[in-house]
Amino acid sequence: MTPIISPELDDYIAAHTRPRPALFDELREVTYASTTSPQMQVGRVEGTFLKTLCALVAARRVLEIGTFTGFSALCMAEALPEDGELLTLDRDPDATRIARSFFDRSPHGKKIRILLGDALETLRALPAGGPFDLVFIDADKERYVDYYEAVLPLLRTGGLIVGDNTLWSGNVLSPKDPSDHGICRFNDVVNADPRVENVLLSIRDGMMLARKL
Ligand SMILES: C[S@@+](CC[C@H](N)C(=O)[O-])C[C@H]1O[C@@H](n2cnc3c(N)ncnc32)[C@H](O)[C@@H]1O
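Residues numbered from 1 in each chain as written. Predicted model: local features only at pLDDT ≥ 70, side-chain atom pairs only at ≥ 80, totals over all residues. Heavy atoms only, no water.

1. A look at the overall build of the protein
Alright, step 1. Looking only at helices and strands, the protein features eight helices and seven strands.
Alright, step 2. Expected size for 213 residues packed as a compact globule is a radius of gyration near 17 Å; at 16 Å, the protein falls within 12% of this value.
Alright, step 3. Dimensions of the protein along its principal axes, counting C-alpha atoms only, are 45 × 40 × 30 Å.
Alright, step 4. The 213 residues of the protein split such that 48% are buried.
Alright, step 5. Considering only contacts in the protein between residues 6 or more positions apart, those separated by 24 or more positions represent 70%. (Helix = DSSP H or I, 4+ residues; strand = E, 2+ residues; numbered from the N terminus. Rg over C-alpha atoms; globule rule 2.2 N^0.38 Å. Buried < 20%, exposed > 50% of the residue type's maximum accessible area, 1.4 Å probe, protein only. Contact = heavy atoms within 4.5 Å.)

2. Remarks on the environment of glycine 84
Alright, step 1. Mapping glycine 84 onto the fold places it in the loop between α4 (71–78) and β2 (85–90).
Alright, step 2. In this structure the C-alpha to C-alpha distance between glycine 84 and arginine 61, which are 23 residues apart in sequence, comes to 5.9 Å.

3. Section: the sheet that holds strand β3 (residues 112–116)
Alright, step 1. Pairing in this open sheet of seven strands is mixed, and the strands run β3-β2-β1-β4-β5-β7-β6 from one edge to the other. Pairing within the sheet leaves two strands with one partner each, and these edge strands are β3 and β6 (196–201). The mean inter-strand angle of the sheet, taken between neighbouring strand axes irrespective of direction, is 15°.
Alright, step 2. Alignment of β6 against strand β7 (residues 207–212), held across six bridges, turns out to be antiparallel. Within β7, the position partnered with leucine 200 by the bridge is methionine 208.
Alright, step 3. Packing against the sheet, helix α3 (residues 44–56) makes contact with β1 (61–65), β4 (132–137), β5 (155–164), β6 and β7, and its axis sits at approximately 5° to β7.
Alright, step 4. Along the sheet face, α4 touches β1, β2, β3 and β4 and points at about 170° away from the line of β1. (Pairing = 2+ DSSP bridges. Axes fitted to C-alpha atoms, helices over the stretch in contact; angles between N-to-C directions.)

4. Focus on helix α7 (residues 144–151)
Alright, step 1. For α7, every residue scored as buried is listed here: Tyr144, Val145, Tyr147, Tyr148 and Val151. Down the axis, α7 shows its buried residues gathered within 160° of arc, on one side only.
Alright, step 2. At its buried positions, α7 is contacted by β1, α6 (119–124), β4, β5, α8 (178–191) and β6. (Arc of directions from axis to C-beta.)

5. A word on unusual backbone geometry
Alright, step 1. Residue phenylalanine 68 is not a glycine yet carries a positive backbone phi of 50°.
Alright, step 2. On the accessibility criterion, phenylalanine 68 (13% relative accessible area) is buried.
Alright, step 3. Despite not being glycine, arginine 204 has its phi angle at roughly 50°, a positive value.
Alright, step 4. Here arginine 204 lies in the loop between β6 and β7.

6. Considering the packing of α7 against α8
Alright, step 1. Two elements in contact, α7 and α8, have axes whose closest approach is 8 Å; the angle formed by their N-to-C orientations is 35°. Contacts between α7 and α8 involve Tyr144, Val145, Tyr148 and Glu149 on the former and, on the latter, Ile183, Arg185, Phe186, Val189 and Val190.

7. Notes on the nonpolar core
Alright, step 1. Counting residues in hydrophobic clusters, the biggest one holds 29 residues, and the most contacted among them are Val62, Met76, Leu86, Ile112, Leu134, Phe136 and Val162.
Alright, step 2. Among the secondary structure elements, those contributing two or more residues to this core are α2 (22–34), α3, α4, α5 (93–103), β4, β5 and β7.
Alright, step 3. The leading source of residues in this core is α4, at six residues.
Alright, step 4. Residue contacts for isoleucine 112: discarding those within four places in its chain leaves Ala73, Leu74, Ala77, Leu86, Thr88, Arg100 and Phe103. (Core = buried A, V, L, I, M, F, W, Y, C linked by side-chain atoms within 4.5 Å.)

Now the structure itself:
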């Protein structure tokens, strides 16, 4: 991932963001030691921002598409009440095994349920429950619009959809491959959608926030 801002400013931002508990350093180390694309992990600044967003919308139910090794899920779970619930979807049994092992060591892990399988299929068969307060989309970029359309009806009014990697290392300016086009399509669809109010933020690799009206 090409940094959007200078490494020096990135360090400054990290130094002025509340540190994560030590368990997250370990999760980072394990992810870098045992997966082939560890940079997929959101990292501690974005993770802390996601936690803040969950707190701001007083989230009780959160849906995540793209668990990987669980960093973002565990950050968001911290903001949920004791009886809150976070459903997280992924098709990778190895990455989610790591995620589960860290959830089991956190006081917030019991709020998290991993649903293993193709995310669109899982979405179509989601167990009944109340509407979601926040949905974090962070899986295959080609299908962001499909995920968006599938989750918007499941979101409460005033709830947030957060799309990750929405600057896609700057590739949105000259899209070439299917992932580039998937992100561009997502940004265009959200930006033209009268059902939401949106803002595209240059945090890390870009975050699109869409609040349901
Ligand atoms: C960018 S990573 C998620 C990072 C995670 N949010 C974190 O902070 O650690 C994307 C994840 O989406 C999953 N994924 C990609 N396509 C998928 C699909 N069609 N169905 C389910 N999961 C998928 C991958 O297995 C991968 O673990």
